[in-house]
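# Structural overview
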4 protein chains.
Amino acid sequence: MARIKIGVIGASGYTGSDLVRLAACHPGMEIAVLTANSHAGKAMAEVFPHLAHLKLPTLIKNEEADWSKVEAVFCGLPHATSQAVIRELPKHLKVIDMSADFRLRDAAVYEKWYGGAHQALDLQKDAVYGLTEHYRDDIKTARLVACPGCYPTAVLIMLLPLVKAGLIDASDLIIDAKSGVSGAGRSLKQNVLFCEAGEGLSPYGVASHRHSPEIEQEISRAGGAQVIVNFTPHLIPMSRGELCTSYAKLKGGATAADCVAALEKHYKDEPFVFMAPKGVMPSTQYVRGSNNVMLGVYADRVPGRVILISTLDNLVKGSAGQAIQNFNLMFGLPESQGLEQVALFP
Amino acid sequence: MARIKIGVIGASGYTGSDLVRLAACHPGMEIAVLTANSHAGKAMAEVFPHLAHLKLPTLIKNEEADWSKVEAVFCGLPHATSQAVIRELPKHLKVIDMSADFRLRDAAVYEKWYGGAHQALDLQKDAVYGLTEHYRDDIKTARLVACPGCYPTAVLIMLLPLVKAGLIDASDLIIDAKSGVSGAGRSLKQNVLFCEAGEGLSPYGVASHRHSPEIEQEISRAGGAQVIVNFTPHLIPMSRGELCTSYAKLKGGATAADCVAALEKHYKDEPFVFMAPKGVMPSTQYVRGSNNVMLGVYADRVPGRVILISTLDNLVKGSAGQAIQNFNLMFGLPESQGLEQVALFP
Amino acid sequence: MARIKIGVIGASGYTGSDLVRLAACHPGMEIAVLTANSHAGKAMAEVFPHLAHLKLPTLIKNEEADWSKVEAVFCGLPHATSQAVIRELPKHLKVIDMSADFRLRDAAVYEKWYGGAHQALDLQKDAVYGLTEHYRDDIKTARLVACPGCYPTAVLIMLLPLVKAGLIDASDLIIDAKSGVSGAGRSLKQNVLFCEAGEGLSPYGVASHRHSPEIEQEISRAGGAQVIVNFTPHLIPMSRGELCTSYAKLKGGATAADCVAALEKHYKDEPFVFMAPKGVMPSTQYVRGSNNVMLGVYADRVPGRVILISTLDNLVKGSAGQAIQNFNLMFGLPESQGLEQVALFP
Amino acid sequence: MARIKIGVIGASGYTGSDLVRLAACHPGMEIAVLTANSHAGKAMAEVFPHLAHLKLPTLIKNEEADWSKVEAVFCGLPHATSQAVIRELPKHLKVIDMSADFRLRDAAVYEKWYGGAHQALDLQKDAVYGLTEHYRDDIKTARLVACPGCYPTAVLIMLLPLVKAGLIDASDLIIDAKSGVSGAGRSLKQNVLFCEAGEGLSPYGVASHRHSPEIEQEISRAGGAQVIVNFTPHLIPMSRGELCTSYAKLKGGATAADCVAALEKHYKDEPFVFMAPKGVMPSTQYVRGSNNVMLGVYADRVPGRVILISTLDNLVKGSAGQAIQNFNLMFGLPESQGLEQVALFP
């Protein structure tokens, strides 16, 4: 079967390069276009030497791309910059956006959190929220998929089935989130220098992180009532990986075992979502580099409360991997194709 | 003034070695005895090469120690092993215990969490809980001080003033705790190998960590009612440092600003407890190697809730540093003596 | 085509688990037997949770294995223990040994460095040294392949073509080697604890590392005269990766450019050996998790000297990856099959 | 005794902040002026939160400084920018420069390596090279001390006594150097991002590092003949620490034991230079945060060769600590004052 020609817009960031890492081994994809305005003219080998042995197109500017033979575009641009670029793309292209630009259904919420009016509201209407396990059917027929943020993916895969099943109280959620440094991207900022982030641990975005409205949108939708959640991220001295510890009140006499049963039922046929094996705590090490999500449910000592732990690789299931999973659905390929890589441990 | 001769029991662990690191520069101390049963006969230089340039006594077995000229003993033995050793020490010795053995006032609670009857209950009665900022007067006259656990120190310094002032609801506390690997000690366990703990993040002791009853004991005492808290620790890929993110409900219309005011008032004359400077999040990097505690208070987006962040170095204020701070009080020395070292950053 | 049934002896170490990680995605392999005497009876998920989502046989003792339908065995046992195990294996099995037991052609050298007489000398005679790029034809027909050590692989891929071409002086080689901590295996040793190896750098095995005779055997063979090399390894605070900086004297007026040309010519059709792209220094990050080797050659400021830098992932090309590369050759499969994974960066 | 008022020019870099960390605990110093042009007007607490609890002057521009009551200035500016600033300082100030600007005695060498003519050649004439253990008498009476680079300090403390004693061949030296990331300073560069430098190892400045001429200047001087050395640095994923592995030919039948004896004799009364204890390899962990240098000498397996390993903390003995050691000498204070801090391990 002919490989599907794809393009990557914004290929010089970490999500872009991880998309290329996975796409290069995907039997149904051919990387035809790579853009990166600030690095246009360079070989990918120069920007990401770990990709040097691959035959890849040279980086070009967005406007130089010839999209005529391309069928799908992955967009790895920073938030607030994708919308204008995606708006101008030829309509024959299916688009998988890894930025936040099309995740929020309510334009007012977008404007409030991202500090400016949305520039492609007409596209927003048709965008599908790309949390694969929960919007699979919509994704199959979508032209534009807005892949969820890394934190929302980890949080929602854990919480949505429990909220939908009425097992936990959606109005009283505390989400303590921890992420590796790659979540901050490759741009030069003092707090992500090795000497600043290494051998240390810092909270950030406390009560102000932009993944909050995205989590609230989906939890509210699942629970049928508008909620505000606590969401508190922390920067961890590791490159990849994300772990969210969510603290919830059980509803109507539900137990931790009920939560486990609900999750096992919901995800029993999923290729990438698993409960932690007996005796093992979900840990970022166990999913690093893979598209897997590992879940664990623990009864709290505080009566009526439960501790919900979910972990994934922020660049894979939290971004490029889920994007490819959605691509597979959109093009009728086996959903796991190109994503079978086992986690790299140690 | 003559230096006070001290001994360290269990000097081959990380708390023991950090005690020696600090004691060696303390102008009022002379290290006279170092014991470590499993390393008896070795030079400290062999066990801890970073101490090789110091003139230190050779490691001996506990029973070989000549305590006659010693005035104070620091005990760095593992939990459940200190009590029997401390029980047999000559009565002229003041004892600063860094283990958990004398922290819990209720023998039944001790037995439940540590899995065996306490072997020195008579001593337990007179032991003072060594959270310096909250038990200073008792410590001054104590013979036996039980230094708090590292997590309880971080948590209680933040929460006790707020509970006492009635600003937060002590019955609804969620404490998400993060620690560097040195908290696990120097013994050989698979989960603390570099390849297992590095570049990764793992929860542990979920709903079962032994620092829970210690936190509950003190919160209950401060609030006047028995409480159960959520306490969920996580292992972070760094050697030193601890950060606790506590989530609380505000009481009676209190605000985050009220919490800040209460903490500032309570700690305004303290040498080691500080609010994070404006624009800075408390981070372990900023206290590494020092006896300092850094605090931050943040209004949650969820109405009526507050996020409370405290950080310290688990081996210093969380163990050996606080032990020396207590020693200074017990012997009438300036409280900060030997503890002025500035945090090592980067 | 039917998958070839394989077994892994010693599957509970890091080389064993990395073999499983790669084999699980290899289209020509089926993992039929996994042994680990100390973990017999456990599920692999319990020993290596990152493999939990794979369908794998339960770990058993070596003697419980049914080898009748198995065609190839990978052996990941510690040095000096493989020989006795391999000696007893049924003769229909092809064996790829990742230990040091069959690497040294001279039994006296083995005995000197490994402290005991070899127990399977008859097998040693037929063993092929599994440095794929240099013994490809022998490997194709071998029953027993002794995969090189991780350091020798990095060093020899760089040096052999230069020695053979007479460009460098084999009798004056200084090899400063650096390795991540996984090279030390998963056994519990104090120096590989996170707190001991983290944020620090230690030489080890100075003038005594067991990879020295292996390097010398091959360099001597290539150069036609017995040599002794300096080989000095250092432990680096990272889990995976190895980089060797070799310092050599150029011979007969040769230049660094001549070395580059010789390497490019020698490896031009190799799937896994590459020169670093222009402007990029070979770095472990760029090969992590992959079977690639990256090489760089630099003229020294000291006239007539050259600096030769080679890097690989010690668990992949340095062990399990090269083992699979050899397996592919032994069974007539495409040499790169199952090894196309791109390096995981960051 | 009145404390000596000091100033720090360029206090917003890592060497500046480490100077402040140490100076704040130095009983003979008072920090009177802190300058940092790009951060003028800020509190030090904002720029370096680990110093927040100290009472420190606000950062000002160089030209705003009132030097009238100051006696000594430490200069932590980047290379090539100090000379113009130091040239303009009032003559009553003693100056301890931590940049490279006054290290090279030969203006032509400076110009060649730093790419521009020196702007304060008249001062250069009187500058003393501040390698304390080797230029102590000159330093005592100097007005301007040029503290050595971090690498040259580690290398020269090891090699100078051996070259002077004629034990090693100064014309055949290979120096493989490894440094933590703080050596690169706090400026924003891609290669020192956590995700780029973490879990990886990169050579840099191969055959072109600016510390080469400094090493060569001093080795040539000690040996009485101009030499060129191999000097190859590598970036290690740790914040602090430096270790140099030097490979040398022994001269005239000398042995490794002769080298040990020469070093022990040369440094026997030094407060900060030590041989590694028996059975211990010099490692950066053992000197982190301290002003100590640890040395180890090992006979190579290659006859007539020796392996020389030296380690220090690049920000302390490699910069701010040695600067204070020199300050102590210049002002007649005990040489170790303010520098007794024990290494922070783990």
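Just so we're clear, the structure is a prediction, and the values are computed from it rather than from any experiment.

This part covers the overall build of chain A. The helix and strand inventory of chain A stands at eleven helices and 13 strands. Reported as C-alpha extents along the three principal axes, the dimensions of chain A are approximately 60 × 45 × 40 Å. By residue count, 66% of the 346 residues in chain A fall in the buried class. Considering only contacts in chain A between residues 6 or more positions apart, those separated by 24 or more positions represent 71%. Summed over all atoms, the accessible surface of chain A reaches about 10900 Å², with 52% contributed by carbon and sulfur.

Turning next to helix H1 (residues 14–23) of chain A. The buried fraction of H1(A) amounts to nine of the ten residues, a majority that puts the element mostly inside the structure. Residues of H1(A) that are buried: A:Tyr14, A:Gly16, A:Ser17, A:Asp18, A:Leu19, A:Val20, A:Arg21, A:Leu22 and A:Ala23.

Attention shifts here to the interface of chain A and chain B. Each side of the interface is counted separately: chain A has 49 residues, and chain B has 49 residues. With both chains or domains summed, chain A and chain B bury close to 4000 Å², and 57% of this area falls on carbon and sulfur atoms. It is A:Glu199, A:Leu201 and A:Arg301 in chain A that bury the most area against chain B; as a group they hold 20% of the surface buried on that side. Here A:Arg301 ties to B:Glu216 by a salt bridge, and the two come within 2.6 Å at their closest N and O atoms. Put simply, chain A and chain B have 26 residue pairs in polar contact (both at pLDDT 80 or more) between them. For the side of chain A that touches chain B, the secondary structure elements donating two or more residues are strand S7 (168–179), helix H8 (194–197), strand S8 (202–203), helix H9 (211–223), strand S9 (230–235), strand S10 (242–250), strand S12 (293–299) and strand S13 (305–312) of chain A. Of the residues assigned to the side of chain A that touches chain B, the class counts are 25 nonpolar, twelve polar and twelve charged.

Note on the chain copies: they are related by a rotation about an axis and a translation along it. Here chain A sits on chain B after a turn of 180° about the axis and a move of 0.0 Å along it, with an RMSD of 0.0 Å. In the structure described here, the two chain copies are related by an operation that fits a two-fold rotation axis. Taking C-alpha positions as the reference, the residue of chain A nearest the rotation axis is A:Pro237, at 3.1 Å.

Residues and elements named next belong to chain C. Counting buried positions along strand S12 (residues 293–299) gives six out of seven residues, so the element sits mostly inside the fold. As paired elements, strand S11 (residues 273–275) and S12 share three bridges and run parallel to each other. Bridge assignment links Val273 to a residue of S12, and that residue is Val293. The turn linking S12 back onto strand S13 (residues 305–312) is made up of five residues, and Gly304 within it adopts a positive phi angle of 80°.

In the superposition of chain D on chain A (RMSD 0.0 Å, axial shift 0.0 Å), the rotation amounts to 180°. Counting the interface residues of chain D, we find that 100% of their copies in chain A are interface residues as well, pointing to one common contact surface.

All names here are of chain C. Where helix H6 (residues 132–140) meets helix H11 (residues 316–330), the closest approach of the two axes is 9 Å, and the angle between their N-to-C directions is 40°. Both H6 and H11 take part in a crossing whose hand is right-handed. From H6, Thr132, Glu133, Arg136, Ile139 and Lys140 reach across to H11, where they touch Lys317, Gln322, Gln325, Asn326, Leu329 and Met330. Its residues assigned to classes, the contact of H6 with H11 comprises three nonpolar, four polar and four charged.

All right, on to the domain arrangement of chain A then. All names here are of chain A. Considered domain by domain, chain A is made up of domain 1 (4–126) and domain 2 (151–314). Measuring from the centre of the C-alpha atoms in domain 1 to the corresponding centre in domain 2 gives 27 Å. Residue-level contacts link 13 residues of domain 1 with 15 residues of domain 2. In total, domain 1 and domain 2 occlude about 1300 Å² of area from one another, counting both sides; carbon and sulfur atoms represent 48% of this. Area buried by domain 1 at its contact with domain 2 is led by Tyr14, Arg105 and Trp113, which between them contribute 48% of it. Along the contact surface separating domain 1 from domain 2 lie three salt bridges. Salt-bridge contacts for Arg240 lead to Asp18; the nearest nitrogen and oxygen are separated by 2.7 Å. Across the contact surface, domain 1 and domain 2 share seven residue pairs in polar contact (both at pLDDT 80 or more). If you list the elements that add at least two residues to the side of domain 1 that touches domain 2, you get H1 and helix H4 (107–114).

Moving on, we come to the packing of aromatic side chains. For any two aromatic rings, the description comes down to two numbers: the centre-to-centre distance and the angle of the planes. Scanning the entire structure with this criterion turns up 34 aromatic pairs over all chains. Consider the rings of A:Phe345 and C:Phe48, whose centres lie 6.4 Å apart with planes at 65°: the pair is edge-to-face. Of this pair, A:Phe345 sits in the segment after helix H11 (316–330) while C:Phe48 sits in the loop between helix H2 (44–47) and strand S3 (72–75), placing the two residues on different chains. The buried category is assigned to C:Phe48, whose relative accessible area is 0%. Put simply, the rings of A:Tyr14, A:Phe48, C:Tyr286 and C:Phe345 pair up and form one aromatic cluster. A cation over a ring is seen here: A:Lys94 above A:Phe331, with NZ or CZ 5.0 Å from the ring centre.

Criteria and cut-off values
- Residues numbered from 1 in each chain as written.
- Chains lettered and ligands numbered in written order.
- Predicted model: local features only at pLDDT ≥ 70, side-chain atom pairs only at ≥ 80, totals over all residues.
- Heavy atoms only, no water.
- Helix = DSSP H or I, 4+ residues; strand = E, 2+ residues; numbered from the N terminus.
- Buried < 20%, exposed > 50% of the residue type's maximum accessible area, 1.4 Å probe, protein only.
- Contact = heavy atoms within 4.5 Å.
- Areas by Shrake-Rupley, 256 points an atom, 1.4 Å probe, with all protein chains shown as cover.
- Buried area = accessible area lost by both parts, 1.4 Å probe.
- Salt bridge = Lys/Arg side-chain N within 4 Å of Asp/Glu carboxyl O.
- Polar contact = N/O pair within 3.5 Å; in protein donor to acceptor, adjacent residues only side chain to side chain.
- Nonpolar A, V, L, I, M, F, W, Y, C, P; charged D, E, K, R; others polar.
- Least-squares fit on C-alpha atoms with pLDDT ≥ 70 in both.
- Pairing = 2+ DSSP bridges.
- Axes fitted to C-alpha atoms, helices over the stretch in contact; angles between N-to-C directions.
- Left-handed = near helix turned anticlockwise from the far one by under 90°.
- Domains from an automatic or database assignment.
- Phe/Tyr/Trp six-rings, centres within 6.5 Å; stacked < 30°, edge-to-face > 60°.
- Lys NZ or Arg CZ within 6 Å of the ring centre and 35° of its normal.

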